[in-house]
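One letter stands for each residue in the lines below.
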Amino acid sequence: MGIRNRTFPLALAAGLAAFATPAMAADYVQASGALSFASEYQGETFVGLFPGFSTSLSFDPAAPQAAKLDVTIPLTTADTKNGDRDSTLGTADFFNVARFATARYTASGFRSLGDNRYVANGTLELRGVKKPVALAFTWTPGANPVLQGRATVKRLDFGVGAGDWGDVSIIPDDVAISTKVTFRPAP
């Protein structure tokens, strides 16, 4: 058996090992993005933004169950383009930014829905309360991949707008959350 024939089994073993190696998740940080919320006040719809939020992600579409998502949301930056409403959102009746300046959403493991669509069953921590929140999103792969998602948060579960503001005929319990984040590889 010549040298050529002895190296073939080694090359074949190395090739098979490469196929057996699990895919590695890529680590990303937010390059740009938008995080918004929408609700109503006495039947009038309003939209707000959270400028300055930050997102990190570890994700491989071939192994979504191993993904990790971490979003930090500075509540002090909430901007609905209405000064009265924005200052009210910061009070103890709503976000209580004096005690809870940030909110955080974390998820470990995604579920694939096919066609680059996923669900992250994560946890939102808001006002010191932790509750499950599902984020449905699409993933656009590339050098700078994009995550575009939606979720619904029940504000009263977190004590947001409780007391006099707890009347759901004035402000609905459901708050629509939308996000679009463009990522870059983590350093």
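(A) Inspection of the packing of aromatic side chains at higher detail. In total, this model carries 13 aromatic pairs according to the counting rule given. With a centroid separation of 5.9 Å and 50 degrees between ring planes, the pair formed by Y28 and F183 is classed as tilted. Note that Y28 is positioned in strand β1 (residues 26-41) and F183 in strand β10 (residues 174-185), a separation of 155 residues in sequence. The pair Y28 / F183 is uniform in exposure class, with both members buried.

(B) Representation of the pairing of strand β9 (residues 146-154). When strand β8 (residues 129-140) meets β9, the two strands line up antiparallel, connected through 5 bridges. Looking across to β9, one finds that T138 is bridged to Q148. What sits between β8 and β9 in their antiparallel hairpin is a turn of 5 residues, with G142 showing a positive phi close to 150 degrees. Here 9 bridges tie β9 to β10, and the two strands are oriented antiparallel to one another. Paired with K154 across the bridge in β10 is D174.

(C) Spatial organisation of the pattern of salt bridges. Per the counting criterion, the structure on display carries 3 salt bridges. For D70, the salt bridge is made with R104, and the minimal N-O distance between the two is 2.4 Å. Placement of D70 in strand β4 (residues 68-74) and of R104 in strand β5 (residues 102-108) is noted, with a sequence separation of 34 residues between them. Notably, a salt bridge pairs D174 with K154, separated by 2.5 Å at the nearest N-O pair. Linking D174 in strand β10 with K154 in strand β9, this pair joins segments that are 20 residues apart in sequence. Classification of D174 as partly exposed rests on a relative accessible area of 38%. Looking at K154, the relative accessible area reads 39%, which means it is partly exposed.

Rules of the game
Residues numbered from 1 in each chain as written. Predicted model: local features only at pLDDT ≥ 70, side-chain atom pairs only at ≥ 80, totals over all residues. Heavy atoms only, no water. Phe/Tyr/Trp six-rings, centres within 6.5 Å; stacked < 30°, edge-to-face > 60°. Helix = DSSP H or I, 4+ residues; strand = E, 2+ residues; numbered from the N terminus. Buried < 20%, exposed > 50% of the residue type's maximum accessible area, 1.4 Å probe, protein only. Pairing = 2+ DSSP bridges. Salt bridge = Lys/Arg side-chain N within 4 Å of Asp/Glu carboxyl O.

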